[in-house]
Amino acid sequence: MMSKDKAKHEVEQNQEHPHGESHNHQGDEETYDHHSHEEHGNDHGGHDHHDHDHGDMIADFKKRFYISLLLTIPILILSPMIQNFMGVDWRFPSDLWILFGLSTIVFFYGGWPFLTGAYSELKQKNPGMMTLIGLAIFVAYGYSSLVVFGWSGNNFFWELATLIDIMLLGHWIEMRSIMGASNALEQLVKLMPNEAHRVKKNGETEDVPVSELDAGDRVLVKPGEKIPVDGVIQDGKSAIDESMLTGESMPVEKNVDDEVIGGAVNQEGSLTIEVKKTGDDTYLSQVITLVKEAQDSKSKTQDLANRAAKWLFYIALAAGFGTLFIWLALGYGFDMAFERMVTVMVISCPHALGLAAPLVVAVSTSISAKKGLLIRNRTNFEGARQLNAVVFDKTGTLTKGEFGVTDIIPSDDYTEKEVLLWAASAEQNSEHPLAAGVLQEAKEKEFTLKQVSDFESMTGKGLKGTVEGKEVLVVSPGYVNEQDMTYDQQAFNDLSEKGKTVVFVIIENQLAGMIALADMVRDSAKDAVASLKEMDIHPIMLTGDNQKVADWVAEQLGIEEVYAEVLPHHKSDQIKKIQQKGWKVAMTGDGVNDAPALATADLGIAIGSGTDVAMETADVVLVKSNPEDVVSIMDLSLRTYRKMVQNLWWAAGYNIAAIPLAAGVLAPVGIVLSPAVGAVLMSLSTVIVAINAKLLRA
């Protein structure tokens, strides 16, 4: 396991080196990995990519694009091949040297991200888009330079400059449209307080860094503070909010000798806790480790455009050298054969390929933003079309994470309205989640609350106050049993079996009635589950809450497969078990306890109203916190993928057809593809790709 200090140190290291060697595609920051921005949502190499890093890279690509574009204008004007195509002659002494100088600047300045990117891809033995671009511009520049220095043939400086321009533009568009950051480990570390109130032997307290605490130390935790470490209560009692950590929707009443978890919030009384676990043994450190391991082991799948580029790279090499050897074998001179080889290698890198994916990504990102979907990891988002199962956390995802009144059962002497009014009046000074649910119900019914005085919270039991001169108590079943009060046991058991929380209202020592509350199901959750079933996708509930509550929610939603009382590491294990069936699995959650599962799943989906940790770990964030948007993700993913495939065929199709013509297969009948004609076809395919991407909006 990894200690908090170690995790924090690692996060700081990642901030200093945001493009670490363990990244999927590239090496250091100078590499300008054209995929580093795609994987920031789930940083598969365990490295953080921050907004300012991406902002700097985007600004750099923009600057390189504009400078290269300005230099391309005179390059086009000075290129003999372009002049010949236009039917003009603007040649003058030393014009090729000026052309060479301008092209050299574009090659090294504009092409630098692609050259370094190609080097890193080849170093990792994983050629892709950068290698394909690097090959084309290196061959074009090298051959054209030889022509300037006396080699017989035509120069390709215009091809070099336009290719670099379009590729820079494509990367700039793509990076700008999906800019973001992932700081999941950092957010987890932030959950732990930095300091603790250590109790000295003489009873005085001293504030010390949490890292200095040892097992056996005693710490004081005041109301409203986070518990600094895992331990056991030595003195005091309180309600502890562990929902961020365990998924348990109700605050848990804790007394002496009960265990508490670091990172949970102490809601009511002061507690003295004996430290039991520190560093890498704590619950939160284990969650940190699980998230890191899941991110490290997550599939390093290259995206569609990169896979296409890999194949085109191999095709370019094979076709280029094949052309050279065939022309030589047919008895042609080396100059002629070499020019054919260069033409094939240059033409095999489609200009349109540089825009095929970025334009679709830009349009798709725009559509998703309007729908309230924040795409943080494009590669995993593209895979959403293949999902077989969607696993939902309960609290805060399928439910609102807020308690609401479901049943009011009055005794013989009171009405439902009276029970609710007296309870709400007594609870109006309480901050307990159950009190909030009762007050919300009274507000919706537009009740005018009575004034309360002598309000008192009875830790672990409930509360009491004086309303219109009468003592009113809102208490737990345990308190009622202690007082030997009689109540409708059958009704109470029925409510409890459904996983509802029941409080009792006592007025002047007389039982007025029972109020049942439950974590309210989101209105959209039922429709989302029904839609998934229609698509033959299995909805599954996975929650840290208790079995009764989970079953009650699942029954309302129509979910048959339920796993309750599941700890975080078991959640990620359960995701793995489902994946072992060969299924693609999405996990939808909102809490810290969901982070390992979100990182493990093929697609991690966070609810926008959830914790920062969940959102930083997820691939997609549902800004509107609407479970129905899970269906929208799959629909948009499918449409985006189809459009991208279409664009890749438009982009590569021209090249696939042009390569054999450039190689000279029709030379025996007098047909050899002119570079100028190739340029026109190239421009046409680029325009078609741009128009097709825009049609995604339809």
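Counting restarts for each chain: residues are numbered from 1 in the order of the written sequence. In keeping with the model being predicted, local features are shown solely for residues with a pLDDT of at least 70 and side-chain atom pairs are shown and tallied solely at 80 or more, while totals for entire chains, interfaces and linings include all residues. Think of the side-chain values as coming from all heavy atoms in the structure, minus any hydrogens and water.

Asker: So what exactly am I meant to see when it comes to the packing of helix 12 (residues 334-347) against helix 25 (residues 629-663) here?
Answerer: Helices that pack against each other are described as a pair by the angle of their axes relative to one another and the distance between those axes. Axis lines are fitted to C-alpha atoms, over the contacting stretch for helices. Their N-to-C directions set the angle, which ranges from 0 to 180 degrees. The way it works is that DSSP assigns letters per residue, a run of H or I at least four long becomes a helix, a run of E at least two long becomes a strand, and they are numbered from the N terminus. Relative to each other, helix 12 and helix 25 sit at 175 degrees, their axes nearing to 9 Å. Taken together, the axes of helix 12 and helix 25 lie roughly antiparallel to each other. Between helix 12, through Arg-340, Thr-343, Val-344 and Ile-347, and helix 25, the contact on the second element is made entirely by Tyr-654, Asn-655, Ala-658, Ile-659, Leu-661, Ala-662 and Ala-663. Under the convention adopted here, Pro, Cys and the residues Ala, Val, Leu, Ile, Met, Phe, Trp and Tyr are nonpolar, Asp, Glu, Lys and Arg are charged, and Gly plus all remaining residues are polar. Broken down by class, the residue content of the contact of helix 12 with helix 25 amounts to eight nonpolar, two polar and one charged. When an angle is under 35 degrees it counts as roughly parallel; over 145 it counts as roughly antiparallel; between 65 and 115 it counts as roughly perpendicular; any other value is oblique. In what follows, a contact means two residues having at least one pair of non-hydrogen atoms within 4.5 Å.

Asker: I tried to follow the pairing of strand 4 (residues 230-235) on my own but got confused; where do I start?
Answerer: Here is the key point about a regular strand: its side chains alternate between the two faces of the sheet. When DSSP locates at least two bridges between a pair of strands, those strands are taken to pair. Of the strand pairs in this sheet, strand 4 and strand 9 (residues 271-277) are connected by five bridges, and their pairing is antiparallel. By the bridge assignment, Val-232 is partnered in strand 9 with Glu-274. One ladder, built from two bridges, connects strand 4 with strand 7 (residues 259-260); its direction is antiparallel. Across the sheet, the residue bridging to Gly-231 is Val-260, located in strand 7.

Asker: Any chance you could explain the sheet that holds strand 9 here in plain terms?
Answerer: Read across the open sheet, the six strands follow the order 2-1-3-9-4-7; overall the sheet is antiparallel. At either end of the open sheet lies a strand with only one pairing partner, and these are strand 2 (205-209) and strand 7. Of the strand pairs in this sheet, strand 1 (residues 195-199) and strand 2 are connected by five bridges, and their pairing is antiparallel. Counted as the bridge partner of Ala-196 is Val-208 from strand 2.

Asker: Looking at this structure, how should I read helix 4 (residues 95-110)?
Answerer: Helix length check: helix 4, at 16 residues, gives a terminal C-alpha distance of 22 Å against a target of 22 Å (1.5 Å per residue), a fit within 8%. Buried within helix 4 are the following residues: Asp-95, Leu-99, Phe-100, Leu-102, Ser-103, Thr-104, Val-106, Phe-107 and Gly-110. By this rule, a helix spans an expected 1.5 Å times one less than how many residues it contains. Per-residue accessibility, obtained with a 1.4 Å probe over protein chains only, is compared with the maximum for each type, and a residue is labelled buried under 20%, exposed over 50%, and partly exposed between these values.

Asker: What's the story with the pattern of salt bridges in this structure? I'm lost.
Answerer: Here the idea is simple: oppositely charged side chains can pair when their charged atoms come close. Salt bridge criterion: a side-chain nitrogen from Lys or Arg within 4 Å of a carboxyl oxygen from Asp or Glu. For the structure shown, the criterion picks out 16 salt bridges. Across the pair Asp-60 and Arg-64 runs a salt bridge whose closest N-O atoms are separated by 2.5 Å. Here the residue Asp-60 and the residue Arg-64 both occupy positions in helix 2 (residues 51-78), the gap between them amounting to four residues, near one helical turn. The same class applies to Asp-60 and to Arg-64, which are both buried. With a shortest N-O distance of 2.6 Å, Lys-500 and Asp-407 are connected by a salt bridge. Here Lys-500, found in the loop between helix 19 (489-497) and strand 16 (501-507), pairs with Asp-407, found in strand 12 (residues 399-410); they are 93 residues apart in sequence, far enough to count as distant. Each of the salt bridges in this network shares a partner with another, and the network as a whole consists of Arg-198, Glu-206 and Asp-217.

Asker: Just checking my understanding: could you explain the confidence of the model for the chain for this structure?
Answerer: Parts of the prediction with low pLDDT should not have their coordinates interpreted in detail. For every residue, the pLDDT score states the predictor's confidence, bounded by 0 at the bottom and 100 at the top. For the chain, the mean per-residue pLDDT works out to 80, and 83% of the residues sit at or above 70. Across the chain, the secondary-structure element scoring lowest on mean pLDDT is helix 1 (residues 4-16), at 38, and the one scoring highest is helix 4, at 95. Overall, residues 1-51 carries pLDDT values under 50, and its contacts beyond four positions in sequence, including any with other chains, amount to 168 contacts. Predicted confidence for residues 180-185 stays below pLDDT 50, and this span has 29 contacts to residues more than four positions away or in other chains.

Asker: How should the sheet that holds strand 14 (residues 462-467) be read in this particular structure?
Answerer: What links the strands of a sheet is backbone hydrogen bonding, and the strands pair in either a parallel or an antiparallel sense. Sheet architecture is open: six strands sit in the order 12-17-16-15-14-13, paired in antiparallel fashion. Single-partner strands in this sheet number two, and they are strand 12 and strand 13 (452-458). Taking each pair of neighbouring strands and ignoring which way they run, the sheet shows an average axis angle of 20 degrees. Looking at chain direction, strand 12 and strand 17 (residues 510-521) are connected through eight bridges and run antiparallel. Paired with Gly-404 across the strands is Ala-518, a residue of strand 17. Set on the sheet, helix 17 (residues 433-444) makes contact with strand 12, strand 16 and strand 17; between it and strand 12 the angle comes to about 65 degrees.

Asker: Hey, could you run me through the UniProt feature "transmembrane region" (unreviewed entry) in the chain in this one?
Answerer: UniProt positions are given in the numbering used here, feature names are shortened, and annotations may be inferred rather than shown by experiment. Within the UniProt annotation, "transmembrane region" (unreviewed entry) is assigned to residues 65-85, 97-119, 131-150, 156-173, 311-330, 342-369, 648-671 and 677-696. For residues 65-85, helix accounts for 95% and strand for 0%, while the C-alpha atoms at its two ends are 26 Å apart. Taken as a whole, residues 311-330 contains 95% helix and 0% strand, while its terminal C-alpha atoms sit 28 Å from one another.

Asker: Sorry, what's going on with the packing of aromatic side chains here?
Answerer: We describe a pair of aromatic rings using the distance from one ring centre to the other and the angle between the two ring planes. Each pair of aromatic rings taken from Phe, Tyr and Trp, with Trp reduced to its six-membered ring, is defined by centres within 6.5 Å and is described as stacked if the planes are under 30 degrees apart, edge-to-face if over 60, and tilted in the remaining cases. All told, the structure shown has 22 aromatic pairs when counted by the stated rule. Centre to centre, the rings of Phe-334 and Phe-338 are 5.5 Å apart; their planes meet at 15 degrees, and the pair counts as stacked. Remark: Phe-338 and Phe-334 occur in helix 12; sequence separation between them is four residues, near one turn of the helix. When its relative accessible area of 41% is taken as the criterion, Phe-334 is described as partly exposed. Judged by centre distance (5.7 Å) and plane angle (75 degrees), the ring pair of Tyr-487 and Phe-492 falls under edge-to-face. Of the two residues, Tyr-487 and Phe-492, neither departs from the other in class, the shared state being buried.

Asker: How do you make sense of the side chain of Ser-144 when you look at a structure like this?
Answerer: Summarising the element assignment, Ser-144 is placed in helix 6 (residues 129-148). Aside from chain neighbours lying at most four places away, what touches Ser-144 is Asn-155, Phe-156 and Phe-157.

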